[in-house]
Amino acid sequence: MTATVPRDSTAVQNRAFAYFQSAAMQQNASVDRMMAWLLGFEWAGMIIFAAFSGPYTWTGGLRNWNPHFLAAVLAGPAFILPSIALALLYSGRQFTRHVVAVAQMLVSVVLIGLTNGRIETHFHVFGSLAFLSFYRDWRVVVTASAVAAIDHVARGIWLPFSVYGVAMVNPYRWLEHIWWVVFEDFFLFLAIGKGVAESNEIARGKSLLYEGAYHDVLTGLANRRFLSEQFESYAASEPAASKALFFIDLDRFKQANDLHGHTVGDKLLVEVAARLMASVPSDAVLARIGGDEFNVLLPHSMEKDASETGSRLLQSLAAPFFIDGHDLLLSATVGIALYPEHGTTLISLQERADQAMYAAKANGRNQVALYRLEDTLRKSRVEDISRDLFQAQANGEFHLNYQPLIDNKGQVSGFEALLRWDHPEHGLMSPAEFIPIAERSGVIIPIGEWVLAEACRQCGLWQNQPNRLGVSVNVSAVQFEQASFPLVVRSILSQTELNPSLLTLELTESVLIRDVAKARSHLDNLRSIGVTVSLDDFGTGYSSLSYLSELPADSIKLDRSFVQREFRKPSSVVESIVEMAHRIGLRVIAEGVESQEEADWLLRLKCDELQGYKFSRPIPAVLVLQYLATRLAAASALEPQFELENVA
Amino acid sequence: MKAKSLVMLTLGGLATVATVLGAAGLIKFDVTPGLPSRAPLRWPSDTKVTRSFGHPQIVVFAHPLCSCTRATLMELEQLPGTSITVEFFRPGSGSTWAKSATWDAARQSLGASVAWDDEGREAKRFGSGTSGTVLLYSAKGELLFEGGVTPSRGHGGENFGFTNLAEALRTEKPHNTTRPVFGCGLFNAEALGVVL
């Protein structure tokens, strides 16, 4: 089994080098202190030895200090004590260890001199070199060896007896002396090299640990922890300097990830990270803090600079990404919060930037937004709604309104059930506001089940009418993605005893293409029991005709905005869609019909059913029967719309 | 350059200069010979120094407190079986100087006859002013060698002085070269009547 070794980026290498330097300095500082002690002991030893050897020299009965003894004593102030002071006061520095090395070798030189060149004293040289190798710095050994070599060459040539205790033998004996020093140096270099290699490996491991702790493994960018520490550092060193925090969220990344797989998604994130990195100033901190969420911290930035950087970030993502044979288009939404105006802590700035980003997303994505106070209010409202949603169902605050579907003969063919929330504080709330919130929190699932059950129950009550009335229910993407969704539908149909053919599930195109295989499986399952499926909001998204043929749907529902646009500026698009849909066996329903002219136009294009204010606004269940009675009494198939005020 | 660095550099320079000068002084001390010997060419008749008749005789004049002279005694240990007398200088007969380690080394390690030379009378008689002066007289009382047998103060090892001594002892022929003596002074130059 092969262990995966993380790549050594330049950052890892640089950090490993810094760790090594730091560890080496600490170690060398420790050796400096050890050498200081050693030099001190050696000095004392030299004095004691010289004293025993003979502290005086004599002329008859008169004595003088023996220069050997003086040399031992004065070696202290001359080079031992300065070296000790240096080792203690400037420990860990490179020049310190070289000075210490010179001092240590001079001690050897003096000792050899004091002992009249005794061969045994030469072992002090080798001991000194061994001690100096604790530095794990081959240059120190070279310096020490150089001192020994210079001393031995000089004395070996001019005063050989003073170093070898021999005056007349081979005049090149100093070469032999140096050779043994070189011999020892060779092994010391090997030992030092091995020690250094081990230290390097430890430093590299430590650096990799740091890399893992402070960087995102996938993209190599900083992570949340690193960002936090950098922010604290900047805030502490320059508390008055303006800073900007960007919250970047990729638009539709999840769809790309779902559609092409996680491998492509990961590569896409890496590519995005590279482009973002190239778009931010060199002193900025770019961090990946979540799946497709990034933060940028600009340590010196005013509002104008921040906006320009934000635009550059968006621009960097504008070009298509080409990954594993896929051309992917991506955009991002960026929220910006400024320090210290919008917050003085990273968390508060992230919250503000996040709020600005969500506000920008609500306004249509792919844009940069600076934080405003309204963003907080909006977020606060979102949080309120999110919290209240959990209680709303239990409190009976939801109800369904029904908007009729009129067939091409003018008969009511069914109703679309539309969820309404009568919030005790905010009043009647738009589904466009609370449905996305319910989807994010997941509470849409129980709500969706309640809607389905309530609509089926209500539809069952209409079955004593002359017309066979069906009910259409919108299904959320979150709800549809549940593996148990077909079972839930079956269960509700069973409980309400509604004929499945009267139930139409309306799904948007985007819901279906998230996972085509799963969608097909669910649709096949549902259609097998007789439930019909309608593709909602057709004309607003991809409107892929290929999906129309692939997915087992029964009808398509032309979106209101699409219908209105085509009516104002007619083209053959609607006609073509209707014709093609009919060819592949799909019925066509047009939403948003507001006038008789629109109704006439759509009927001419052979739409099968119409829906809109022309016929009725969505009405409470209690008014449905009254509405139906009114329509039966009407002479015309396409009479003026049903006025709520008339029946209230 | 920062003042701190300047101070460090100055101190480093001073330390280096002091070390070099100290080393030079030490070497000068080591290689500067003492007073040259002016030994009589024949064994003095009025001397009280013990002599072994029928054999060559080595006489060493030593200062008992001179550490350098131990090297001389160690060199002479390479001449086993040779009759050696070591005369140890003493300022006077009433001196409190005790027998030193050098005395013991001469007796025990070298196996020499040892004696006090009060006020250096014998040393003067033999023209020796430096501790470590070695004189070799033949069995007939002729001077065969005079001088030092060490290469420098307190340093043993092969040297011309010892080589000459060994050669003179072997051949019993005089070696006309006087070798410098490295050791403590027994007198000053005036006392010995030497003009330096």
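On a predicted model such as this, the values are computed, not experimentally measured, just so you know.

## What about the overall build of chain A?
Here's step 1: Each helix and strand in chain A was counted, giving 25 helices and 19 strands.
Here's step 2: Within chain A, buried positions represent 40% of all 648 residues.
Here's step 3: Of the contacts formed within chain A by residues at least 6 apart in sequence, a portion of 66% connects residues at least 24 apart.

## Concerning the overall build of chain B
Here's step 1: Counting secondary structure elements, chain B contains six helices and five strands.
Here's step 2: Reading chain B from its N end, one meets helices and strands in the order α-β-α-β-α-β-α-β-β-α-α.
Here's step 3: Counting over 196 residues, chain B shows a buried share of 46%.
Here's step 4: By sequence separation, contacts in chain B at least 24 residues apart represent 81% of the contacts at least 6 residues apart.

## Some points on helix H8 (residues 224–237) of chain A
All names here are of chain A.
Here's step 1: The terminal C-alpha atoms of H8 lie 20 Å apart, and with 14 residues this matches the ideal 20 Å at 1.5 Å per residue to within 8%.
Here's step 2: All buried positions along H8 are accounted for by Leu227, Phe231 and Tyr234. The buried residues of H8 occupy an angular sector of 65° when the element is viewed end-on, so they sit on one face. For H8, exposure combined with an orientation more than 90 degrees from the buried face picks out Glu232, Ser233, Ala236 and Ser237.
Here's step 3: Buried-residue contacts for H8 involve strand E3 (243–251), strand E4 (285–288), strand E5 (293–298) and helix H12 (346–362).

## What to know about the interface of chain B and chain A
Accessible area lost upon the coming together of the parts is a frequently used measure of interface size.
Here's step 1: Facing the 32 residues of chain B at the interface are 28 residues of chain A.
Here's step 2: Broken down by element, the residue count for the side of chain B that touches chain A peaks at eleven residues, all from helix H1 (residues 3–31) of chain B.
Here's step 3: When the residues that make up the side of chain B that touches chain A are grouped by side-chain class, the tally is 16 nonpolar, 14 polar and two charged.

## Focus on unusual backbone geometry
All names here are of chain A.
Here's step 1: Note the cis peptide between Tyr339 and Pro340, where omega equals 5°.
Here's step 2: With respect to the secondary-structure elements, Pro340 resides in the loop between strand E8 (331–339) and H12.
Here's step 3: A positive phi is found at Arg136, a non-glycine position, where the angle reads about 55°.
Here's step 4: Positioned with a positive phi, Lys606 is a non-glycine residue whose angle comes to about 75°.
Here's step 5: Checked against the element boundaries, Lys606 lands in the loop between helix H23 (596–604) and strand E18 (609–610).

## Side note on the packing of helix H15 (residues 444–461) of chain A against helix H17 (residues 485–496) of chain A
All names here are of chain A.
Here's step 1: Remark: H15 packs on H17, axes separated minimally by 9 Å, with the N-to-C direction vectors making an angle of 35°. As H15 packs across H17, the resulting crossing turns out to be right-handed. Across the interface between the two elements, Glu449, Leu452, Ala453, Cys456, Arg457 and Gly460 from H15 touch Val488, Val489, Ile492, Leu493 and Thr496 from H17.

## Observations regarding the confidence of the model for chain B
Close inspection of predicted coordinates is inappropriate for parts of the model with low pLDDT.
Residue and element names in this part refer to chain B.
Here's step 1: Residue-level pLDDT values for chain B average 88, and 95% of them are 70 or greater.
Here's step 2: Highest mean pLDDT in chain B belongs to strand E1 (residues 57–62) (96); lowest belongs to helix H6 (residues 189–192) (69).
Here's step 3: Reported confidence for the predicted complex is 0.85 by ipTM and 0.54 by pTM.

## Side note on the sheet that holds E1(B)
All names here are of chain B.
Here's step 1: The strand order across the open sheet built from five strands is E3-E2-E1-E4-E5, with neighbouring strands paired in mixed fashion. Both outer strands of the open sheet, strand E3 (113–118) and strand E5 (143–147), are each paired with one neighbouring strand and no more. Within the sheet, the average angular offset between the axes of one strand and its neighbour, ignoring direction, is 20°.
Here's step 2: As paired strands, E1 and strand E4 (residues 133–137) are joined by five bridges and run antiparallel to one another. Bridging across to E4, Val60 finds its partner in Val134.

## Looking at the confidence of the model for chain A
Residue and element names in this part refer to chain A.
Here's step 1: Considering every residue of chain A, the mean pLDDT works out to 85; 94% of them sit at 70 or more.
Here's step 2: The model gives residues 1–7 a pLDDT under 50, and that stretch makes two contacts with residues more than four places away or in other chains.
Here's step 3: Considering only residues more than four positions removed or in separate chains, one finds that residues 635–648, a stretch of pLDDT under 50, has 18 contacts.

## Observations regarding the pairing of strand E11 (residues 412–423) of chain A
Residue and element names in this part refer to chain A.
Here's step 1: The sheet contact formed by strand E10 (residues 398–407) and E11 spans nine bridges and is antiparallel. The partner of Gln403 across the bridge, within E11, is Glu416.
Here's step 2: The antiparallel pairing of E10 with E11 creates a hairpin that spans four residues between the two strands, and Gly410 there sits at a positive phi of about 90°.
Here's step 3: Two elements, E11 and strand E13 (residues 470–474), share four bridges in a ladder whose sense is parallel. Opposite Gly414, over in E13, you have Gly470 as the bridge partner.
Here's step 4: Note that E11 and strand E12 (residues 427–429) share three bridges and pair antiparallel. Following the sheet pairing, Asp422 is matched in E12 by Leu428.
Here's step 5: Between the antiparallel neighbours E11 and E12 lie three residues.

## A few points about the sheet that holds E4(A)
Residue and element names in this part refer to chain A.
Here's step 1: Spatially, five strands are ordered E4-E5-E3-E8-E9 in an open sheet, and the strand pairing comes out mixed. The sheet is open, and its two borders are formed by E4 and strand E9 (368–370), each paired with just one other strand. Strand-to-strand twist of the sheet, defined as the mean angle between neighbouring strand axes without regard to direction, takes the value 20°.
Here's step 2: Here four bridges tie E4 to E5, and the two strands are oriented antiparallel to one another. Residue Ala287 lies in a different strand from E5, and its bridge partner there is Asn295.

## Things to note about the packing of helix H1 (residues 10–53) of chain A against helix H2 (residues 67–89) of chain A
All names here are of chain A.
Here's step 1: Running from N to C, H1 and H2 point in directions that differ by 170°, and their axes come no closer than 9 Å. In terms of axis orientation, H1 runs roughly antiparallel to H2. Along the contact surface, H1 presents Asp32, Arg33, Met35, Ala36, Leu39, Gly40, Trp43, Met46, Ile47, Ala50, Ala51 and Ser53, while H2 presents His68, Phe69, Ala72, Val73, Ala75, Gly76, Ile80, Ser83, Ile84, Ala87 and Leu88.
Here's step 2: In the contact of H1 with H2, the residues fall into 16 nonpolar, five polar and two charged.

## Topic: the environment of Gln393(A)
Here's step 1: Positionally, Gln393(A) belongs in the loop between helix H13 (373–392) and E10.
Here's step 2: The residues contacting Gln393(A), other than those within four sequence positions of it, are Phe398(A), Pro446(A), Ile447(A) and Trp450(A).

## Concerning H15(A)
Here's step 1: A rise of 1.5 Å per residue sets the reference length of H15(A), with its 18 residues, at 26 Å; its end C-alpha atoms lie 25 Å apart and thus fit the reference within 8%.
Here's step 2: Every buried residue belonging to H15(A) is among Ile444(A), Ile447(A), Gly448(A), Val451(A), Leu452(A), Glu454(A), Ala455(A), Cys456(A) and Cys459(A), and all of these are buried.

## Some thoughts on the pairing of strand E1 (residues 56–59) of chain A
Residues and elements named next belong to chain A.
Here's step 1: Relative to strand E2 (residues 62–65), E1 is paired through four bridges, and the arrangement is antiparallel. By the bridge assignment, Thr57 is partnered in E2 with Asn64.
Here's step 2: The antiparallel hairpin formed by E1 and E2 contains two residues in its connecting segment, where Gly60 sits at a positive phi of about 65°.

## Brief notes about the environment of Gly364(A)
Here's step 1: Tracing the chain through its elements places Gly364(A) in the loop between H12 and E9.
Here's step 2: In this structure the C-alpha to C-alpha distance between Gly364(A) and Thr333(A), which are 31 residues apart in sequence, comes to 9.0 Å.

Calculation criteria
Residues numbered from 1 in each chain as written. Chains lettered and ligands numbered in written order. Predicted model: local features only at pLDDT ≥ 70, side-chain atom pairs only at ≥ 80, totals over all residues. Helix = DSSP H or I, 4+ residues; strand = E, 2+ residues; numbered from the N terminus. Buried ≥ 20, exposed ≤ 12 C-beta atoms within 10 Å, placed from the backbone. Contact = placed C-beta atoms within 7 Å. Expected span 1.5 Å × (residues − 1). Arc of directions from axis to C-beta. Nonpolar A, V, L, I, M, F, W, Y, C, P; charged D, E, K, R; others polar. Axes fitted to C-alpha atoms, helices over the stretch in contact; angles between N-to-C directions. Left-handed = near helix turned anticlockwise from the far one by under 90°. pLDDT = per-residue confidence, 0-100. Pairing = 2+ DSSP bridges. Parallel < 35°, antiparallel > 145°, perpendicular 65-115°, else oblique.

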